[in-house]
Amino acid sequence: MNSRLPEDIVVVSAKEVSEGFNAIGSCVKKEYTYRVYNSRIRNAFYVNRAYFYPKHLDERVMADAASRFVGTHDFSAVRAVGTNVRSTVRTVHYFDVERKGDLIELKVCANGFLYNMVRAMTGTVLYAAEGKLTPDGISDILLRGNRTEAGPTVPPGGLYMTKLWYKEPVGLDTDPEV
């Protein structure tokens, strides 16, 4: 199978699933990680793999801002404009920020995501770190649902899907986490 896939995609395991399994419909939670390379000098190894951000970012302010997204909210303010969905209400289970040297990882887990939601949430957290809005203001932005009040949609190069949770039973061994 790997010989037929693009070089940036690799299958490391596979399992048999029940007849009614649906990769999208059976997923109950997803986790995305967005990476920001925060240094005055860019790193060639992170080009298109992390968002280069040369101004120092305070990860404590970022974590405070990110925590405002946790819970069940209408996320209209952090989605791509013009996308049609039945509902813009989602539940964010956690949105953690961790610095590892010059690399900042933002991990967000929710029951579902709107188009560009993670990247817009990240841009909003960066705006808070820059002082362009307060972490407290994020709650108001979510209530008003106005996309223009939130931060920008950051580039896709730092975004990774890192974990999926499925309804049981997923496969023959009924492991709910993939």
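Residues numbered from 1 in each chain as written. Predicted model: local features only at pLDDT ≥ 70, side-chain atom pairs only at ≥ 80, totals over all residues. Heavy atoms only, no water.

1. Comments concerning the overall build of the chain
Part 1 of the reasoning: Each helix and strand counted, the chain has three helices and six strands in total.
Part 2 of the reasoning: In terms of its C-alpha atoms, the chain occupies a principal-axis envelope of roughly 50 × 40 × 30 Å.
Part 3 of the reasoning: For the chain, the residues scored as buried account for 37% of the 178 residues in total.
Part 4 of the reasoning: Accessible surface computed for the chain: about 10600 Å², of which carbon and sulfur atoms make up 51%. (Helix = DSSP H or I, 4+ residues; strand = E, 2+ residues; numbered from the N terminus. Buried < 20%, exposed > 50% of the residue type's maximum accessible area, 1.4 Å probe, protein only. Areas by Shrake-Rupley, 256 points an atom, 1.4 Å probe, with all protein chains shown as cover.)

2. Looking at the side chain of R147
Part 1 of the reasoning: Locating R147 in the fold gives a position in the loop between α3 (137-144) and β6 (159-166).
Part 2 of the reasoning: The buried charged residue R147 lacks any salt bridge partner; its closest oppositely charged side chain belongs to E149, at an N-O distance of 9.9 Å.
Part 3 of the reasoning: Separated by 2.9 Å, the side chains of R147 and T153 make a polar contact.
Part 4 of the reasoning: Those residues within four positions of R147 in sequence are excluded, and the remaining contacts are S76, A77, V78, R79, V81, A120, P152 and T153. (Lys, Arg positive; Asp, Glu negative; His and termini not counted. Salt bridge = Lys/Arg side-chain N within 4 Å of Asp/Glu carboxyl O. Polar contact = N/O pair within 3.5 Å; in protein donor to acceptor, adjacent residues only side chain to side chain. Contact = heavy atoms within 4.5 Å.)

3. Here we look at the packing of helix α1 (residues 59-67) against helix α2 (residues 117-130)
Two numbers describe a pair of packed helices, the interaxial angle and the distance between the axes.
Part 1 of the reasoning: Packing of α1 against α2 leaves a shortest axis separation of 8 Å and a crossing angle of 135°. The angle between α1 and α2 places the two elements in the oblique class. Remark: the crossing between α1 and α2 carries right-handed chirality. Contacts between α1 and α2 pair V61, M62, A65 and A66 from the former with V125, L126, A128 and A129 from the latter.
Part 2 of the reasoning: Here the residues of the contact of α1 with α2 sort into eight nonpolar, no polar and no charged. (Axes fitted to C-alpha atoms, helices over the stretch in contact; angles between N-to-C directions. Parallel < 35°, antiparallel > 145°, perpendicular 65-115°, else oblique. Left-handed = near helix turned anticlockwise from the far one by under 90°. Nonpolar A, V, L, I, M, F, W, Y, C, P; charged D, E, K, R; others polar.)

4. Structural notes on unusual backbone geometry
Part 1 of the reasoning: With a phi angle near 60°, N48 is a residue other than glycine that sits in the positive phi range.
Part 2 of the reasoning: Relative to the helices and strands, N48 is located in the loop between β1 (27-37) and β2 (51-52).
Part 3 of the reasoning: With a phi angle near 70°, N116 is a residue other than glycine that sits in the positive phi range.
Part 4 of the reasoning: For N116, the position within the fold is in the loop between β5 (103-110) and α2.

5. Quick notes on α3
Part 1 of the reasoning: Within α3, the full set of buried residues consists of G137, I138, I141 and L142. All buried residues of α3 project into a common sector of 145° when viewed along the axis, lining one side. Turned more than 90 degrees off the buried face of α3, the exposed positions are L143 and R144.
Part 2 of the reasoning: Contact partners of the buried residues in α3: α1, β3 (71-74) and α2.
Part 3 of the reasoning: Just beyond α3, the residue with positive phi is G145, at close to 70°. (Arc of directions from axis to C-beta.)

6. With respect to the environment of M121
Part 1 of the reasoning: Within the secondary structure, M121 is located in helix α2.
Part 2 of the reasoning: Take M121: its relative accessible area is 0%, and that puts it in the buried class.
Part 3 of the reasoning: Distance from M121 to G131, taken between C-alpha atoms, is 15 Å for residues ten residues apart in sequence.
Part 4 of the reasoning: Apart from the residues lying within four places of it in its own chain, the contact partners of M121 are F69, V78, V92, F95 and V108.

7. Some remarks on the pattern of salt bridges
Part 1 of the reasoning: As enumerated under the stated definition, the model contains eight salt bridges in all.
Part 2 of the reasoning: R35 is paired through a salt bridge with E105; the nearest N and O atoms lie 2.8 Å apart. Of this pair, R35 sits in strand β1 while E105 is found in strand β5, placing the two residues 70 residues apart along the sequence.
Part 3 of the reasoning: Looking at R35, the relative accessible area reads 28%, which means it is partly exposed.
Part 4 of the reasoning: Since its relative accessible area comes to 7%, E105 is described here as buried.
Part 5 of the reasoning: In this structure, D64 and R68 form a salt bridge, with 2.7 Å as the shortest nitrogen-oxygen distance.

Everything listed here is a matter of geometry and, on its own, says nothing about what the molecule does.
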